[in-house]
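Each chain, letter by letter, is given below.
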Amino acid sequence: MLSRRSFISFALAAGAASFARAELTGQPPTILRLERRTIEVNGKAASVFGIKQPDGTFGISTEVGKSFHVRVENHISDPSLIHWHGLKPPWQQDGVPELSKTAIPPGGTAEYDFPLPFGGTFWMHSHYGLQEQLLMSAPLIIHDASDKADQQEVVIMLTDFSFTPPEQILEQLRKGGHLAHMHHVDTSADEMMPSAESRGHLNDVEYDAFLANDRTLADPQVVTVEQGGRVLLRVINGSAMSHYHIDLGGLDADLIAVDGCPVVPVRSRIFPITTAQRLDIRLTVPQSAAAYPILAKPEGERRQTGVILRAGHGQISRIPEAAEAASPPLTLGLESSLRAAAPLKPRAADRSYTLNLTGSMEGYRWSINDVAWSLEVPPLSIVNGERVELILVNRTKMAHPVHLHGHPFQVVAIGERRFAGAVRDTVLVPPKATVTVAFDADNPGWWPLHCHLLYHQHAGMFTTLRYG
Ligand SMILES: [Cu+2]
């Protein structure tokens, strides 16, 4: 029997059953509609998806301690299922087709109801097919006591966009057509770029645009901020395949949380963010009236995207869509300096698994321990209550951002060096690197662990762990 909390329903229409459940929790569910919508990219109409409340709000902004009581309505012509990235729901409500539940059919609904014990910056995205590439994603913000009343919040959602349908992108990658699609970095003017041997492996897909809140720098979002005011940037990388450097220009800022989990603040002007990660960045707007661009620069790319903070009547000049030099590859430099503000209790691991990230561009085969995912792959077994360590060893020539569902983990080693790093839900494992993460098995169920590069995940760099 499912408990009330873990109850999830699939009905073709919202009917009496969901009404009865709303009475149980004492409040009606927040409705999230999965929709088709049209945005403009590079001057052309683009048909994408969206996750919106009936009043047009993208995603959800809520408070810690409340219940996540949501009804998802599928208004598109394909099945879909939404994953609550970074949360700890009962596993049946995690939103992964085939594992936690079957997908919601067109016209169908699914209901979710579970507690929210911690706050932070999270996001939601389809885990069905390749829908995430078409922007089936939205912010999921949970406010908590760390949110200051005197600060203005600015949510920046980054996405990579192609006019080529995602199924066609994957097909081209599989056929080796990636050579036509693969982005070749022009390093002639930039000696900081990596060697010719490695540079072809930064980006599998050549995108038509990089978007910040659906817009390019040709027509960026301009956010009015107060001169001297405090701003909290909540940066969400909802891209399918792209890692960025967030460049604050001349502004110094404090990184105060990663993936929704607080860290000992780190002051900088440039912060790396991989696919699926989030950064909470706190800054003080200078007193002078001016426009302050917050840029996101995809690694290996000259193109950039971003939003503009406008203080007072600051003059807004056009920001070029191409930077002078390509953005360098992400490293673990920042990761190795991060320290969790609320680390796991020190404890020896009861169990550890070595997970080799394996595969190659040849035929576009990606796997874990040389096994490409299928439902027949046995889950890694762990036991409720254990401290588990996962040793992630990258045997490939590409960096992989690895995400574990349902369990924020702590980065406890990079290579041989152990340290009490950030607690987070997605970590970058660069080529030839080894990163060890630890978590407590305190949320029984069947949980995915995968590379968050969409086409790698789809090609098989995905596995599960399961315990009761
Ligand atoms: Cu990968």
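Residues numbered from 1 in each chain as written. Predicted model: local features only at pLDDT ≥ 70, side-chain atom pairs only at ≥ 80, totals over all residues.

Asks: Mind showing me how you'd approach the overall build of the protein here?
Replies: Helix and strand counts for the protein come out as 6 helices and 32 strands. For the protein, the share of sequence-separated contacts (at least 6 apart) that also reach a separation of at least 24 residues comes to 75%. (Helix = DSSP H or I, 4+ residues; strand = E, 2+ residues; numbered from the N terminus. Contact = placed C-beta atoms within 7 Å.)

Asks: I'm lost on the sheet that holds strand β6 (residues 82-85) in this one. Help?
Replies: One open sheet accounts for 4 strands, arranged β4-β9-β8-β6; its pairing is mixed. The open sheet has two edge strands, β4 (60-63) and β6, and neither has a second partner. Neighbouring strand axes in the sheet, compared pairwise and without regard to direction, differ in orientation by 20 degrees on average. Note: strand β8 (residues 120-126) against strand β9 (residues 137-143), 6 bridges, orientation antiparallel. Along β9, the bridge assignment pairs Phe 122 with Leu 140. (Pairing = 2+ DSSP bridges. Axes fitted to C-alpha atoms, helices over the stretch in contact; angles between N-to-C directions.)

Asks: Honestly, the sheet that holds strand β20 (residues 305-311) in this entry has me stumped. Any pointers?
Replies: Strand-to-strand pairing in sheets goes through backbone hydrogen bonds, with the strands running parallel or antiparallel. Judged by pairing direction, the sheet is mixed, and its 5 strands sit side by side in the order β12-β20-β19-β14-β17 without closing on themselves. Of all strands in the sheet, those bounded by a partner on one side alone are β12 (222-225) and β17 (270-273). Each strand of the sheet is rotated relative to its neighbour by a mean of 20 degrees, with strand direction disregarded. Pairing geometry for strand β19 (residues 290-298) and β20, over 7 bridges, is antiparallel. Bridge pairing links Leu 295 to Gly 306 in β20.

Asks: Quick question: what am I supposed to make of the confidence of the model for the protein here?
Replies: Close reading of the predicted structure is inappropriate where its pLDDT is low. Of the residues in the protein, 89% have a pLDDT of 70 or more, and the chain-wide mean is 90. Taken as a whole, residues 1-23 scores under 50 in pLDDT and shows 36 contacts with residues more than four places along the chain or in a different chain. In this model, residues 178-200 is a region of pLDDT below 50 whose contacts with residues beyond four sequence positions or in other chains number 35 contacts. (pLDDT = per-residue confidence, 0-100.)

Asks: When you look at unusual backbone geometry in this model, what are you seeing that I'm missing?
Replies: Apart from glycine, the bulk of residues carry a negative phi angle, and the bulk of peptide bonds sit in the trans form. Positioned with a positive phi, Asn 42 is a non-glycine residue whose angle comes to about 50 degrees. Its location among the elements puts Asn 42 in the loop between β2 (30-41) and β3 (44-52). The class of Asn 42 is exposed, set by 12 C-beta atoms lying within 10 Å. One non-glycine residue, Asp 214, lies in the positive phi region at around 75 degrees. Mapped onto the secondary structure, Asp 214 falls in the loop between β11 (209-212) and β12. Residue Asp 214 is classed as partly exposed on the basis of its 18 C-beta neighbours within 10 Å. (Buried ≥ 20, exposed ≤ 12 C-beta atoms within 10 Å, placed from the backbone.)

Asks: Mind showing me how you'd approach the nonpolar core here?
Replies: Across soluble globular proteins, you tend to see nonpolar side chains buried next to one another. Counting 115 residues, the largest nonpolar core has Ile 156 and Val 437 as its most contacted members. Those residues within four positions of Ile 156 in sequence are excluded, and the remaining contacts are Ala 212, Asn 213, Leu 233, Val 235, Ile 236, Ile 294 and Val 307. (Core = buried A, V, L, I, M, F, W, Y, C linked by C-beta atoms within 7 Å.)

Asks: What am I meant to see in the environment of Thr 396 here?
Replies: Along the chain, the position of Thr 396 falls in the loop between β24 (387-394) and β25 (400-404). For Thr 396, a count of 21 C-beta atoms within 10 Å gives the class buried. Each C-alpha atom, one on Thr 396 and one on Lys 432, is 7.0 Å from the other, the two residues being 36 residues apart in sequence. Sequence-distant contacts of Thr 396, that is, excluding residues within four places in its chain, are made with Leu 357, Thr 358, Gly 359, Ser 360 and Pro 431.

Asks: I'm lost on the environment of Ala 45 in this one. Help?
Replies: Tracing the backbone shows Ala 45 in strand β3. According to the C-beta neighbour criterion, Ala 45 is exposed, with 8 such atoms within 10 Å. With 118 residues separating them along the chain, Ala 45 and Phe 163 place their C-alpha atoms 9.6 Å apart. The residues touching Ala 45, leaving out its near neighbours within four places in the chain, are Thr 38 and Glu 40.

Asks: Would you mind showing me how to read helix α2 (residues 166-174) here?
Replies: Within an α-helix, residues lying three or four positions from one another point in the same direction, as the helix has 3.6 residues per turn. Buried within α2 we find Ile 169, Leu 170 and Leu 173. Down the axis, α2 shows its buried residues gathered within 95 degrees of arc, on one side only. A positive backbone phi angle near 85 degrees is found at Gly 176, which sits one or two residues after α2. (Arc of directions from axis to C-beta.)

Asks: Explain the pairing of β20 to me, please; I cannot follow it from the model alone.
Replies: Look at any regular strand and the pattern is simple: side chains alternate between the two faces of the sheet. In terms of burial, β20 is a largely internal element, 6 of the 7 residues being buried. Alignment of β12 against β20, held across 4 bridges, turns out to be parallel. Within β20, the position partnered with Val 223 by the bridge is Leu 309. The hairpin turn running from β19 into β20, its antiparallel successor, is 6 residues long, and Gly 300 in that turn takes a positive phi close to 75 degrees.

Asks: It is not clear to me how the environment of Ile 51 should be interpreted in this structure. Could you clarify?
Replies: Counting through the fold element by element, Ile 51 comes out in strand β3. A tally of 25 C-beta atoms within 10 Å means that Ile 51 is categorised as buried. Taking the C-alpha atoms as reference points, Ile 51 and Glu 35, separated by 16 residues in sequence, lie 6.4 Å from one another. Apart from the residues lying within four places of it in its own chain, the contact partners of Ile 51 are Leu 32, Leu 34, Phe 58, Gly 59, Ile 82, Met 124, Met 136, Ser 137 and Ala 138.

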